[in-house]
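# Summary of structural features
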Amino acid sequence: MSKRPLSFAVFGNTYQAKKSAAVESLLHSLAQRHAHVCIERSYHRFLTRTLQMPLSAVDVFDGDDFEADIAISMGGDGTFLRTASLVGCRQIPILGVNMGRLGFLANANPRCLEDVILSLFRGNYEVEERELLQVITDGEPFEGADCALNDVAILKRDDASMISIHTSINGEYVTTFQADGLVVSTPTGSTAYSLSNGGPIIVPGTKVFSLTAVAPHSLNVRPIVVPDDAELSLTVESRSHHFLVAIDGRSEKCLEGTRLTLRKAPYLVRIVTPVGKSYFNTLREKMMWGADKR
């Protein structure tokens, strides 16, 4: 009995025309191996119309209406996060090809795509499982995905005054953050927005979440790390009577008084990692962590 060919769902952003060579290399490599390929419609339109790339023997899909053995994100970390939100709870492993600058999540080098694809077909890769944060509201439900791989940020709107974020953990009042916002981060997202606000670096796989204030109004406010089985309850006071909830950067407007519940999501995101790829090596290379330039 012949083995079923692997199937791939390809995602990408639509503003990197100068880096089309990597996409062509990817699609050519997959076609040589008789893989089934489907491309998200907006990205397919960009490739065919803007880049004039001739594409044949590929299918097109909209949003999360796809099935695949592996999802491939062609872009930076933002594209990877969007891909993860569309994969959702289906447990499809995601390979991130770094077409951007930092590429902390999207860590496959586009110059080595042929080797990466060969490893996929040989099964010579590892899959890391990462936790997500789920946001539940007692008001209007969010239009997009309600789970974050990186972080959930509670933020003031525009140039409004600081907001007050009343915070409880497992039903016990903890504190009221008076600040421009609050970042609740997973270990995966600890090197993103949280870190830029003074939050800790947390190694993926550590069963915790962190809370880091954005421009707090008190010097006594410091980040706090809580177990991942904790349930966070947040209510916000704002002079504008509105505030923003950013789920992996996707902003939603909420009314003052809306109760937000944050907890571990009921599913994981699976990330394809080349064999031998080390988190600490990535930390040193991408973030220059521990580097001494003296």
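Residue positions are given per chain, counting from 1 as you read along its sequence in written order. Whole-chain, interface and lining totals are the exception, using all residues; otherwise, since this is a predicted model, local features are given only for residues with pLDDT of at least 70 and side-chain atom pairs are given and counted only at 80 or more. The side-chain figures draw on all heavy atoms in the structure; neither hydrogens nor water molecules are used.

Any two strands with at least two DSSP-identified bridges between them are counted as paired. To qualify as a helix, a DSSP run of H or I must reach at least 4 residues; to qualify as a strand, a run of E must reach at least 2; elements of each kind are numbered from the N terminus. One open sheet holds the six strands; their spatial order is S14-S13-S12-S9-S16-S17, and the pairing between them is antiparallel. Two strands in the sheet have a free side with no partner beyond their single neighbour: strand S14 (224–227) and strand S17 (250–255). With direction set aside, neighbouring strand axes in the sheet form an average angle of 20°. The sheet contact formed by strand S12 (residues 181–185) and strand S13 (residues 208–214) spans five bridges and is antiparallel. Each residue of the ladder has a partner; that of Val183, found in S13, is Thr212. All axes are obtained by fitting lines to C-alpha atoms, using only the stretch in contact for helices, and the reported angles, taken between N-to-C directions, cover 0 to 180 degrees.

With that settled, consider the packing of aromatic side chains. Ring pairs shown here join Phe, Tyr and Trp side chains whose ring centres sit within 6.5 Å, with only the six-membered ring taken for Trp; geometry is labelled stacked below 30 degrees between planes, edge-to-face above 60, and tilted in between. For the coordinates displayed, the defined rule picks out seven aromatic pairs. The interplanar angle of 70° and the centroid separation of 5.4 Å between the aromatic rings of Phe11 and Phe61 together place this pair among those described as edge-to-face. Of this pair, Phe11 sits in strand S1 (residues 7–12) while Phe61 sits in strand S3 (residues 59–61), placing them 50 residues apart in sequence. Relative accessibility thresholds used throughout: buried, under 20% of the residue-type maximum; exposed, over 50%; partly exposed, between the two (1.4 Å probe, protein chains only). Taking the relative accessible area as the measure of exposure, Phe11 reaches 0% and is therefore buried. Centroid distance Tyr43 to Phe46: 6.4 Å. Interplanar angle 20°. Geometry classified as stacked.

Here we come to the nonpolar core. With 27 residues, the main nonpolar core has Val152, Ile154, Ile165, Val245, Leu260 and Leu262 as its most contacted residues. Those residues in contact with Val152 that sit more than four places away from it in its chain are Leu133, Val135, Leu182, Val183, Val184, Val245, Ala246 and Leu262. Throughout, nonpolar core names a set of buried Ala, Val, Leu, Ile, Met, Phe, Trp, Tyr and Cys residues whose side chains join them through atoms within 4.5 Å. By size, the runner-up hydrophobic cluster in this structure holds 26 residues, among which are Val10, Leu27, Met53 and Leu95. What makes two residues a contact is simply this: any of their non-hydrogen atoms within 4.5 Å.

The buried count for strand S15 (residues 232–237) comes to five of six residues, which makes it a mostly enclosed element. Across three bridges, S15 lies against strand S18 (residues 260–264) in antiparallel orientation. Looking at the pairing, Ser233 lines up with Thr261 of S18.

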